[in-house]
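Structure assessment
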Amino acid sequence: MDSQNHRNPANFIKLKEKEIRKWQDSFAAMAGVYLCCLDPSGEKITEFSGSLLEIPTIRKAVDDIHIRNIFQRVTEGDLEDQAVERTSIPNLRVAAVAAKLDGKTQAVWIVCGILEDAEYEPELYTEEPITDFSYITNEKKFYNSLDFLRVTSLALVRALKSENQAAASTAENFKRSEDFKVSFHRAELMTEIVSLLDSDDEIEDIMLQILQKICEYLDISNSLICRMHNDDDLMDVVVQWTGRDVLKLFEEEKDLERCWFIGRPQLIAVSSSTTMNSGEKEQLQDLGIKAVVSVPITLMDQIPFYVIFAETREDNRDKDWLVDDIKFINDSIKILQNIITKRIQRNSIASSFQSLEAVLDNVGSSIYVRCMQTDELLFANRSLRKHFARELQKNELKNLFEGNIPPRSHSGNYEIYYDAKDRWYDLYYTRIKWVDGRLVSLCAIYEITEKKIYQKRIEQQAYTDFLTGLYNRLCCERDLVKYIEEAKKDNSKGMLMYLDLDDFKKINDGLGHQYGDVLLQDISTAIKSIEGVQNSCYRMGGDEFVIIVPPENYNKLEVILEEIRRAFATPWYLKDGDYYCTMSMGTVEFPTEGDTVEELIRKSDIAMYEAKKSGKNRISQYSESIDASSIRRLDMEKAMYKAVENGCKEFSIHYQPIMDILEDEPKIVAAEAFVRWNSTILGPVSPAEFISLAEYLGLINPIGEYVFREAAKCCGKWSKKLGRDINIHVNMSVVQLMQPDIATKLKSAVKAAKIKPKQLVLDVTEALTMNNTERTKGAMEAISKMGVRLSLDDFGTGYSSISGLRAHPFASIKVDRTISAQLEKAEYARSLIKSVMDLSGAIGASVCVEGVEKKAQIKILKESGVPLAQGEYFGRPMASDEFEKKYI
């Protein structure tokens, strides 16, 4: 891998597409989910895993737009890296899991799960639930799978974070994991080799089995056993093993000249870096050997055999022998040596046992052998006698280690936790015949405490908020279930407290996100240090926290509440100064006020909103008497967030015509777009309710963008049908205008709709003329420069000034309906219209009068020279298809 790819985790992930796909398929089958992987731009790295016949059904419910929306949800902010959403199918959930590095997304998993225990209201769905797919899971397993996937993905990108501390840490964890795998694999092989002690196969077959196991495990191409002549310097090949597509070292097997690395009394290991003379190098080259190990087999103080392991493949010419590999070879050959000794000295059991004891005393595990018939302990090696001396003395080994062995199982392994030592062990067991012919149980014990601690740390991360160190939402819901059951069982009470920081966004935006993070960390430290709730504080996301007062600490409730108040009465030190950040908190008692997680969180949320509504910086306890408007407002918030997350499809646009009245017959020249909301949860919601809420929540920007893009499309379509250009007026708030990229978004909308920039007219309120700041001027000038026009809306409601009008590049002025309503009976209204016409001529702007409902008003306006009028006289705001049918 080149240095660039090493630094860029996203490139690394793309290079590993095949491996990711293979892992993804295995994960999908294990977790019972359908998933694919996206890169940081949202492009697919892998296709969905799962049945090819089932994926189209899932993709119909989870289309590209849905995937893009949930992808943006976890990638365009710092507060979420995991999200779960419902779909049009009742029991199908879609989730996005983002792996982020230094705040930047590196990869996103899109995961679809069919939940067998999904809760839903049938009347809200038109689709039937899925019941017969290959992959079906439940809610708990689904969320556990997401957490495991997130942790695994984070581990991948964190491994590439830097070439220093993070890389070293990840490498260490990886090495530790690999070491455990290697250790376990070696234990299995050693158990298999030891089991050959009792084999009745021919000795040559046993030799070949052992050579094959060693070579395949260590990836060695060639191995052989040769026997030395007693009367000359020649040798014979007893057995010879070669890997696939590898040539034998020796075609002839009798009376061969000894190689220089054979004949010494100790093990020899030679690699490409070993110093050799020219003759030694030449002999290795003639044999095609790149690296070699020679191990003597000693029998009765003689060395009649040598075992040779050689690497001859060209692509492995730089092979180096690791210390652990050499030790494994040496241990295995010692067992082979004992097998040969047993065959030679079959009648000398004592001699065989001594040899076996010597071998088993030097392997890297604790081993004991027990007679299956009498339970007599026949052998315990040095390691077992050292680490389990007390258990050995009290004859507790069988009860301690073999209690979970299935009755008819002959070999296997499982984990054991030994409470007295607070240690974890992995037990490998096998049934074999001992040297004296008795059927025995041979058990090899490996300590895996470090591995279990490592696994526990990984599991803990799934329940921990990485920024603050508090427990997360998943952990909160799990613990709350436990506390509710505890309170029911003991007939006691607990308290759920939902806490939201007041005006946190101002600190976050004003000082910067890094100081917002510092504040969240300081607040977390403060609340989790309060006695009675040290282990029950949770970050739910963003600036929201939950504190649970467990039933056993409910008697400390008043003290805990006072400590929380005291914590937020103290300033927080941020960026060279003290800053106050207050909180609003809602509390609900359980199980008296609710006995489910969903009910308690909802009620505490309602109480928290009541606290905010009452002036913030206070605590409100839930009661049935809470104002219904608070509940309505909270429901609207949640419904609006969901509507925006779903691509604003719940919002529709109605259009009202703007007519040229100076012609003999009024002619349509423009339309004004009005947004309407028909919530899938709440039903129709009036603009008076939801527009101010959208501005408060900061959702006016995505909603407003949806409106001007859809309105521009209609403008383009209607202009094409009419054969002439008409304009589209879209209301825009100051919040929208102040977006740094508003000009770019407008330009994109105009281009997509294939209209001229001047056809898009943005209606802004009179209040904007009072906001005569450089930033305001700059935003409006940038919009005007690209050709999109600005219109002053609701003129005459009391804020306008002549200087304000001249200071901004308005292309038109829209007179408010309160003026048009007085045209027939108030002279001041007619005079104002004339003044506006004079003013418009001076600043080069057209005039449109709103709220026109009568023919008499049209007559007065025409006499005053007003060119444009809008109102129910011509038509009320209506849906696009109705508007098109009537006017286009």
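Residues numbered from 1 in each chain as written. Predicted model: local features only at pLDDT ≥ 70, side-chain atom pairs only at ≥ 80, totals over all residues. Heavy atoms only, no water.

Observations regarding the confidence of the model for the protein chain
This is how it is decided: A residue's pLDDT is the confidence the predictor assigns to it, expressed on a 0 to 100 scale. A helix here means a DSSP run of H or I that spans at least four residues, while a strand means a run of E at least two residues long, and both kinds are numbered starting from the N terminus. Any pair of residues with heavy atoms lying within 4.5 Å of one another is described as a contacting pair.
Here the protein chain shows a mean pLDDT of 87. Residues at 70 or above account for 92%. Within the protein chain, the lowest mean pLDDT, 42, falls on helix H1 (residues 3–7), and the highest, 96, falls on strand E24 (residues 651–660). This stretch, residues 1–10, has a pLDDT under 50; its non-local contacts, to residues over four places away or in other chains, come to 15 contacts.

Details of the sheet that holds strand E11 (residues 302–311)
Which entries qualify depends on this criterion: In this scheme, strands are said to pair when DSSP sees at least two bridges between them.
With respect to topology, six strands assemble into an open sheet ordered E8-E7-E6-E11-E10-E9, the strand pairing being antiparallel. With partners counted over all chains shown, the strands left at the sheet margins are strand E8 (256–257) and strand E9 (268–270), one partner each. Relative to strand E10 (residues 291–299), E9 runs antiparallel, the two being bridged by three bridges. Counted as the bridge partner of Ile268 is Ser294 from E10.

A closer look at the pairing of strand E27 (residues 727–731)
Condition: A 1.4 Å probe rolled over the protein chains alone gives each residue an accessible area, and that area as a share of the maximum for its type sets the label: buried under 20%, exposed over 50%, partly exposed in between.
Among the five residues that make up E27, four are buried, leaving the element largely enclosed by the rest of the structure. Direction of pairing for E27 relative to strand E28 (residues 760–765): parallel, over a ladder of four bridges. Bridged to His729 within E28 is Val761.

So, the packing of helix H23 (residues 700–722) against helix H25 (residues 742–753)
Definition in use: Working convention: axes come from line fits to C-alpha atoms, limited for helices to the stretch in contact. Angles between N-to-C directions cover 0 to 180 degrees. Roughly parallel means an angle under 35 degrees; roughly antiparallel means over 145; roughly perpendicular covers 65 to 115; every other angle is labelled oblique. Here is the rule for handedness: rotate from the far helix to the near one, and if that takes an anticlockwise turn smaller than a right angle the crossing is left-handed, while a clockwise turn gives right-handed. Residues are grouped as follows: nonpolar covers Ala, Val, Leu, Ile, Met, Phe, Trp, Tyr, Cys and Pro; charged covers Asp, Glu, Lys and Arg; every other residue, Gly included, is treated as polar.
Close contact between H23 and H25 brings their axes to 8 Å; oriented N to C, the two are set at 30°. Considered as vectors, H23 and H25 are oriented roughly parallel to each other. Two packed elements cross with a definite hand, and for H23 against H25 that hand is right-handed. Note on element contacts: H25 touches H23 through Ile742, Lys745, Leu746, Ser748, Ala749 and Ala753, opposite Glu705, Phe708, Arg709, Ala712, Lys713 and Gly716. For the contact of H23 with H25, the class distribution of residues is six nonpolar, two polar and four charged.

Quick word on the nonpolar core
Where we set the bar: Residues grouped as a nonpolar core are buried Ala, Val, Leu, Ile, Met, Phe, Trp, Tyr and Cys residues, joined through side-chain atoms within 4.5 Å.
Ranked by internal contacts, the top residues of the largest apolar core, which has 76 residues, are Met640, Tyr655, Ile703 and Leu861. Of the residues forming this core, the biggest block, nine residues, is contributed by H23. Counting 56 residues, the second-largest nonpolar core is a separate cluster that includes Ile220, Leu336, Leu356 and Val359.

Examining a nonpolar patch on the surface
The following threshold applies: Like charges are joined within 9 Å and nonpolar side chains (Val, Leu, Ile, Met, Phe, Trp, Tyr) within 5 Å, but only among residues with over 30% relative accessible area and no salt bridge; these make up the patches. The method behind every accessible area is Shrake-Rupley, applied with a 1.4 Å probe, and residues are considered shielded solely by the protein chains displayed. A pairing counts as a salt bridge when a side-chain nitrogen of Lys or Arg comes within 4 Å of a carboxyl oxygen of Asp or Glu.
Together, Trp23, Met30 and Phe148 make up an exposed nonpolar region whose accessible area comes to about 330 Å². Checked against the element boundaries, Met30 lands in helix H3 (residues 17–31).

Comments concerning the pairing of E24
With respect to burial, E24 is a largely interior element, eight of its 10 residues being buried. Bridge count for E24 against strand E25 (residues 667–679) is 10 bridges, and the pairing is antiparallel. In the strand pairing of E25, Ile658 is matched with Ala670. Count of turn residues in the E24/E25 antiparallel hairpin: six residues.

Re the side chain of Ser332
Defined as follows: Contacts described as polar in this section are N or O atom pairs within 3.5 Å, which, within protein, must combine one atom able to donate a hydrogen with one able to accept it, while residues neighboring in sequence count only if both atoms come from side chains.
Its location among the elements puts Ser332 in helix H10 (residues 323–344). Taking relative accessible area as the criterion, Ser332 reaches 0% and is therefore assigned buried. A polar atom in the side chain of Ser332 sits 2.9 Å from the backbone oxygen of Phe328.

A few points about the sheet that holds strand E4 (residues 92–101)
The five strands lie next to each other as E2-E1-E5-E4-E3, forming an open sheet whose pairing is antiparallel. Both outer strands of the open sheet, strand E2 (44–46) and strand E3 (82–86), are each paired with one neighbouring strand and no more. Taking the axes of each pair of neighbouring strands and ignoring which way they run, one obtains an average angle of 25° across the sheet. Relative to E4, E3 is paired through five bridges, and the arrangement is antiparallel. Paired with Gln82 across the strands is Val97, a residue of E4. Against the sheet, helix H5 (residues 64–75) touches strand E1 (34–38), E3, E4 and strand E5 (104–114), its axis set at about 150° to E3.

What to know about empty space enclosed by the protein
Our working rule: Computed over the protein atoms alone on a 1 Å grid, cavities are sets of points where a 1.4 Å probe fits but cannot get out and pockets are open sets with protein on both sides within 12 Å along at least five of seven lines; a residue lines them when it has an atom within 4 Å of a point. Grid points are joined across faces, edges and corners, and a volume is the space filled by probe spheres set on the points.
Under the criterion given, the structure shown has two cavities of 30 Å³ or more. When its volume is computed, the largest cavity comes out at roughly 50 Å³. Counting residues per element, the lining of the largest cavity draws most heavily on helix H7 (residues 165–195), at four residues. Looking at the lining of the largest cavity, its residues break down into eight nonpolar, two polar and no charged.

Digging into unusual backbone geometry
Here Phe590 and Pro591 are connected by a cis peptide whose omega angle stands at 5°. The phi torsion at Asn491 lies on the positive side, around 55°, for a residue other than glycine. Counting through the fold element by element, Asn491 comes out in the loop between helix H16 (473–490) and strand E17 (494–501). Even without glycine at this site, Cys648 takes up a positive phi of about 60°. Looking at the element boundaries, Cys648 is found in the loop between helix H21 (628–645) and E24.

Side note on the environment of Gln212
Considering the arrangement of structural elements, one finds Gln212 in helix H8 (residues 203–218). Spatially, the C-alpha atom of Gln212 lies 6.8 Å from that of Trp241, the residues being 29 residues apart in sequence.

Description of the pattern of salt bridges
Per the stated rule, a full pass over the model turns up 50 salt bridges. Among the ionic pairs, Arg150 bridges to Asp147, the shortest N-O distance being 3.3 Å. Here Arg150 and its partner Asp147 are both found in helix H6 (residues 139–158), three residues apart, which amounts to about one turn of the helix. For Arg150, a relative accessible area of 5% puts it in the buried group. Under the relative-accessibility criterion, Asp147 is labelled buried at 5%. With its nearest N and O atoms 3.1 Å apart, the salt bridge here joins Glu447 to Arg423. Of this pair, Glu447 sits in strand E16 (residues 439–447) while Arg423 is found in strand E15 (residues 423–433), placing the two residues 24 residues apart along the sequence. Through salt bridges with shared partners, a single network forms among Arg73, Glu80, Glu85 and Glu645.

Observations regarding the packing of aromatic side chains
We count it as follows: Between rings of Phe, Tyr and Trp, where Trp is taken as its six-membered ring, a pair exists when centres lie within 6.5 Å; planes separated by under 30 degrees are stacked, by over 60 edge-to-face, and by other angles tilted. Lysine NZ or arginine CZ positioned within 6 Å of the ring centre and within 35 degrees of the ring normal marks a charge as sitting over the ring.
For the structure on display, the rule yields 27 aromatic pairs. Seen from their ring centres, Trp23 and Phe27 are 5.1 Å apart, and the 15° between their planes marks the pair as stacked. In this pair, Trp23 and Phe27 both sit in helix H3, four residues apart, roughly one turn of the helix. Taking the relative accessible area as the measure of exposure, Trp23 reaches 32% and is therefore partly exposed. The buried category is assigned to Phe27, whose relative accessible area is 3%. In this structure an aromatic cluster arises from ring pairing among Trp23, Phe27, Trp109 and Phe148. Against the face of Trp424 rests Lys452, its NZ or CZ located 4.5 Å from the ring centre. We note Arg478 situated over the ring of Tyr463; from NZ or CZ to the ring centre the distance is 4.3 Å.

Topic: the environment of Val323
Here Val323 lies in helix H10. The class of Val323 is exposed, set by a relative accessible area of 70%. Along the primary structure Val323 and Asp838 are separated by 515 residues, whereas in three dimensions their C-alpha atoms are 97 Å apart.

Quick notes on the side chain of Glu850
Along the chain, Glu850 turns up in the loop between strand E31 (846–849) and helix H31 (855–863). In this structure Glu850 comes out as buried when scored by relative accessible area, which is 8%. In this view, Glu850 contacts Glu672, Asp793, Asp794, Lys814, Val815, Asp816, Arg817, Ser820 and Gln870; residues no more than four positions away in its chain are not counted.

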